Amino acid sequence: MKSRIILFVLAFLAWCFLNWVPDWQHLTTGFFVAFFVALITGDLFVTRPLLLKHPYRWWCFIVCYLPRFLWECIKANIDVAYRVAHPKLPINPGIVKVKTSLKTDTGLTFLANSITLTPGTMSVDIDRDNGVLYIHWINVKDKETEAATKIIVERFEKILAKIFE
Amino acid sequence: MKKIIRWSIGAVLLVTIITLIIVRPFPFLFYPDLPYIGFLGRAIYVLILACALCLYRIFRGPTGADRIVAIDIFGIMIIGFCAVLTISTNRSWYIDIGIAWALQSFIGTLALSKYLEGRGFDE
Amino acid sequence: MIDIIGLIFICIGLAFDFFGCLGLVRLPDVYNRLQAATKSVTLGTCSILFGTFLVVGFTAAGLKSLMCIVFLLLTAPVAAHAVARGAHRAGVKLAKESIVDRYAEDKEGEI
């Protein structure tokens, strides 16, 4: 029930953003549409509704995670531009294996997306039972699993464990 | 050595095209009395150059996966087109096309990658 | 003043888009192309949309462009991940410069 209420609020907010300058006709139509969407796809998206109530997790998400993520994004773009414009094409690619200790679906999704948008790495596959990610790395510094885990995953794992676990 | 020669030929070509775009007054297809129309018209031409590089990869790509990647990137760049056209023509419904294109292109790429994997769509 | 800042954001986005497409042409195999293109083009288009928001202000088009940034940041890495996994399962080889492939080793062990 709680997950349906959260989904209803999210869908209604998205509707209000999509046709701005709200008047009564748009708001009533949006109310019914969001109600039916929340009724039909109830438990699919929000599986643990109690997680959204902690203000500490929101604080961590906004203050710790977002600036870090944007900074890594900008660094990744400058890195890609340098590698592409260099005449000798300095790449050294390969697929390595790293371990993670996150368990929940949302945490793993955010970890994989963050790895894809940070410098030089892209997640190829996830094995959730063993907690293993396969990562394509454009400039392989170390082939072994522990050293690669230390370089790639630990930038985000502590923050995401505070938010989603 | 051959690599260096090819790189320098390509660099000279691209720098020439970009300089032509920036320096020469191209004919602008939009409303010439709106603000910033000079900058935005040149921006449209730079985006067209990037899309031409994408089209090269779509025609030339050795495997099917290359073509799928290039189509995905092409779809993301069309959203940039829609955003620039929103300012340069002052019509706000172009960004609606952008949002619809983002969602449809995402679903299309997922379906194409499932097809590449050789499985059914019901997974 | 704020219009000038928006136009600077659009300029940065155009440069990143261009470098991403150049990487799509120059790099040797599917995975490297996917990496360069996804990162550069996603952040470049987000920068163009943010510049649009700064120029047009809090109107309908501005709020819709903010929604579009959220959609792009959520969907582009997932699409890249799906294409990479599909390509590896379909048997696309890595480029000849690459030095290690743990994924193929582990898949051989399973079969």
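Residues numbered from 1 in each chain as written. Chains lettered and ligands numbered in written order. Predicted model: local features only at pLDDT ≥ 70, side-chain atom pairs only at ≥ 80, totals over all residues. Heavy atoms only, no water.

With respect to the layout of surface pockets
And step 1. Put simply, the second largest pocket is a space of about 1,100 Å³.
And step 2. If you go around the second largest pocket, you meet 37 residues; those closest to its centre are Arg 6 of chain B together with Leu 22, Val 25, Arg 26 and Leu 27 of chain C.
And step 3. Elements represented by at least two residues in the lining of the second largest pocket include exactly α3 (55–85) of chain A, α1 (2–23) and α2 (37–60) of chain B together with α1 (2–26) and α2 (30–56) of chain C.
And step 4. For the lining of the second largest pocket, the element with the highest residue contribution is α1 of chain B, accounting for 11 residues.
And step 5. Among the residues forming the lining of the second largest pocket, the class breakdown is 23 nonpolar, two polar and 12 charged. (1 Å grid on protein atoms, 1.4 Å probe; cavity = no way out; pocket = protein on both sides within 12 Å on 5 of 7 lines; lining within 4 Å. Points joined across faces, edges and corners; volume = space filled by probe spheres on them. Helix = DSSP H or I, 4+ residues; strand = E, 2+ residues; numbered from the N terminus. Nonpolar A, V, L, I, M, F, W, Y, C, P; charged D, E, K, R; others polar.)

Here's the deal with the interface of chain A and chain B
And step 1. Facing the five residues of chain A at the interface are four residues of chain B.
And step 2. Between chain A and chain B the total buried area reaches about 380 Å² when both faces are included, carbon and sulfur atoms providing 70% of it.
And step 3. The largest contributions to the chain A side of the interface with chain B come from Leu 18, Pro 87 and Lys 88 of chain A, which together make up 78% of the buried area.
And step 4. At the boundary of chain A and chain B, one finds zero salt bridges.
And step 5. The interface formed by chain A and chain B contains one residue pair in polar contact (both at pLDDT 80 or more).
And step 6. Taken together, the residues of the side of chain A that touches chain B sort by class into three nonpolar, one polar and one charged. (Contact = heavy atoms within 4.5 Å. Buried area = accessible area lost by both parts, 1.4 Å probe. Salt bridge = Lys/Arg side-chain N within 4 Å of Asp/Glu carboxyl O. Polar contact = N/O pair within 3.5 Å; in protein donor to acceptor, adjacent residues only side chain to side chain.)

Quick notes on empty space enclosed by the protein
And step 1. Taken as a whole, this structure holds two cavities of 30 Å³ or more when the rule is applied.
And step 2. Counted as a void, the largest cavity has a volume near 80 Å³.
And step 3. Lining the largest cavity are Asp 72, Gly 75, Ile 76, Ile 79, Ala 102, Ser 105 and Phe 106 of chain B together with Leu 72, Thr 75, Ala 76 and Ala 79 of chain C.
And step 4. In this structure, the second largest cavity occupies an estimated 40 Å³ of space.

Considering a nonpolar patch on the surface
And step 1. Together, Phe 31, Phe 32, Phe 35, Phe 36, Leu 39 and Ile 40 of chain A line one region of the surface with nonpolar side chains, adding up to about 660 Å² of accessible area.
And step 2. Along the chain, Phe 32 of chain A turns up in helix α2 (residues 24–40). (Patch = residues over 30% accessible without salt bridge, like charges linked within 9 Å, V, L, I, M, F, W, Y side chains within 5 Å. Areas by Shrake-Rupley, 256 points an atom, 1.4 Å probe, with all protein chains shown as cover.)

A short note on the confidence of the model for chain C
Residue and element names in this part refer to chain C.
And step 1. Confidence along chain C averages 84 in pLDDT terms, with 87% of residues attaining 70 or more.
And step 2. Within chain C, helix α4 (residues 102–110) has the poorest average pLDDT of any element, 65, and α1 the best, 89.
And step 3. Model confidence for the complex: the whole-complex pTM is 0.88, and ipTM, which rates the interface, is 0.86. (pLDDT = per-residue confidence, 0-100.)

Topic: the sheet that holds strand β2 (residues 121–127) of chain A
Residue and element names in this part refer to chain A.
And step 1. One open sheet accounts for three strands, arranged β1-β3-β2; its pairing is antiparallel. Two strands lie at the open edges of the sheet, namely β1 (94–99) and β2, each paired on one side alone. Averaged over all neighbouring strand pairs, the angle between strand axes comes to 30 degrees, with direction disregarded.
And step 2. Relative to strand β3 (residues 132–137), β1 runs antiparallel, the two being bridged by six bridges. By the bridge assignment, Ile 95 is partnered in β3 with His 136. (Pairing = 2+ DSSP bridges. Axes fitted to C-alpha atoms, helices over the stretch in contact; angles between N-to-C directions.)

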